[in-house]
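Examination of the molecular architecture
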Amino acid sequence: MPVLEAQGLRPTTDRVRETLFSWLMHDVAGSRCLDVFAGSGALGLESLSRGAQQAHFFESNSAAANNINRSIDTLQPELHGASAKVFTGDALKLLSAIAADPFDIVFLDPPFKADVIQQCVELLENNRWLSETALVYLEYDKQRDFVMQPHWKLYRQGETVQSKYQLYHR
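In what follows, the accompanying structure is described. (Residues numbered from 1 in each chain as written. Predicted model: local features only at pLDDT ≥ 70, side-chain atom pairs only at ≥ 80, totals over all residues. Heavy atoms only, no water.)

**Quick look at the sheet that holds strand E2 (residues 54-59)**
Spatially, the 7 strands line up as an open sheet ordered E3-E2-E1-E4-E5-E7-E6, and their pairing is mixed. The open sheet has two edge strands, strand E3 (83-88) and strand E6 (153-159), and neither has a second partner. In this sheet, adjacent strand axes meet at a mean angle of 15° when their direction is disregarded. Along the sheet, helix H5 (residues 117-126) contacts strand E1 (32-36), strand E4 (103-108) and strand E5 (130-141); its crossing angle with E5, the most-contacted strand, is approximately 170°. (Pairing = 2+ DSSP bridges. Helix = DSSP H or I, 4+ residues; strand = E, 2+ residues; numbered from the N terminus. Axes fitted to C-alpha atoms, helices over the stretch in contact; angles between N-to-C directions. Contact = heavy atoms within 4.5 Å.)

See below:
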């Protein structure tokens, strides 16, 4: 899958993505996934390839959003009826709306320079983006800190030289 060269675009490494999907091995099939700050769309696309029923992608960069759409078109024959939709726009504005339907798995991997994790976590929770038993994946600069929702339980975690990555269970 081609990755667009764009400022702030930092795809999740193959090693971290492999770890994440081994954690999610039994949860992806049939799920509804939301890839916030989608960038290359790798996390949502991987979910679709592993049997997710639906994936929505939020991406502010229109060229990156177009690239995700091309990847979806390429994968379409292998999606077995799963649906995918790309929303181009600011993720915080998109999350500020009340969700029509909640998601089972949410990938939240904002640009490291953006200090938005706390705001996103609150919007996800307050605007009904999460199903009752949602899993939320966070990847962020390990120099940043935030206050987790009290009823979210840390399920798995890891770190690289630059980042922390965590999977929470609601």
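**Focus: the pairing of E5**
The side chains of a regular strand alternate between both faces of the sheet. Burial runs high along E5: 10 of the 12 residues are buried. Sheet topology places E4 next to E5; 5 bridges connect them, and they run parallel. Counterpart to Leu 108 in the pairing with E5 is Leu 138. With H5 bridging E4 and its parallel neighbour E5, the resulting β-α-β unit is right-handed. Here 7 bridges tie E5 to strand E7 (residues 163-169), and the two strands are oriented antiparallel to one another. Its bridge partner lying in E7, Tyr 137 is registered against Leu 167. (Buried < 20%, exposed > 50% of the residue type's maximum accessible area, 1.4 Å probe, protein only. Right-handed = clockwise from strand over helix to strand, strands pointing away.)

**Brief notes about the side chain of Ser 40**
With respect to the helices and strands, the residue Ser 40 is situated in the loop between E1 and helix H2 (42-49). From its side chain, Ser 40 meets the backbone nitrogen of Ala 42 in a polar contact 3.3 Å long. (Polar contact = N/O pair within 3.5 Å; in protein donor to acceptor, adjacent residues only side chain to side chain.)

**Some thoughts on helix H3 (residues 62-75)**
In this model, H3 (14 residues) spans 20 Å end to end at C-alpha, consistent with the 20 Å of a helix rising 1.5 Å per residue. Along H3, the residues classified as buried are Ala 64, Ala 65, Asn 67, Ile 68, Ser 71, Ile 72 and Leu 75. Angular distribution of buried residues about the axis of H3 spans 155°; they occupy a single face of the element. What points out from H3, more than 90 degrees from its buried face, is the exposed set Asp 73 and Thr 74. Summarising the contacts, the buried residues of H3 are in contact with H2, E2 and E3. The opening residue of H3, the one whose side-chain oxygen lies 2.9 Å from the backbone nitrogen of Ala 63, is Asn 61. (Expected span 1.5 Å × (residues − 1). Arc of directions from axis to C-beta.)

**As for unusual backbone geometry**
Glycine aside, residues mostly have negative phi, and peptide bonds are mostly found in the trans state. In this model, Phe 37 sits at a positive phi of 55°, which is unusual for a non-glycine residue. Secondary-structure assignment places Phe 37 in the loop between E1 and H2. Look at Arg 128: it is not a glycine, yet its phi comes out positive at around 60°. Among the structural elements, Arg 128 can be located in the loop between H5 and E5. For Arg 128, a relative accessible area of 54% puts it in the exposed group.

**What about the packing of aromatic side chains?**
Counted by the stated rule, this structure contains 7 aromatic pairs. Residues Phe 21 and Phe 107 carry aromatic rings whose centres are separated by 6.0 Å and whose planes lie at 45° to one another, so their mutual orientation is tilted. Here Phe 21, found in helix H1 (residues 14-23), pairs with Phe 107, found in strand E4; they are 86 residues apart in sequence, far enough to count as distant. Take Phe 107: its relative accessible area is 1%, and that puts it in the buried class. Pairing Phe 58 with Trp 129 gives two aromatic rings, centres 5.7 Å apart and planes at 85°, and the pair type is edge-to-face. Of this pair, Phe 58 sits in strand E2 while Trp 129 sits in the loop between H5 and E5, and the two are 71 residues apart along the sequence. Residues Phe 58 and Trp 129 agree in their burial class; the two are buried. Three or more aromatic residues link up through ring pairs in this structure, and these residues are Phe 58, Phe 87, Phe 103 and Trp 129. A cation over an aromatic ring shows up here: Arg 32 above the ring of Phe 103, its NZ or CZ 4.4 Å from the ring centre. Cation over ring: Arg 156 sits above Tyr 155, and NZ or CZ is 5.0 Å from the ring centre. (Phe/Tyr/Trp six-rings, centres within 6.5 Å; stacked < 30°, edge-to-face > 60°. Lys NZ or Arg CZ within 6 Å of the ring centre and 35° of its normal.)

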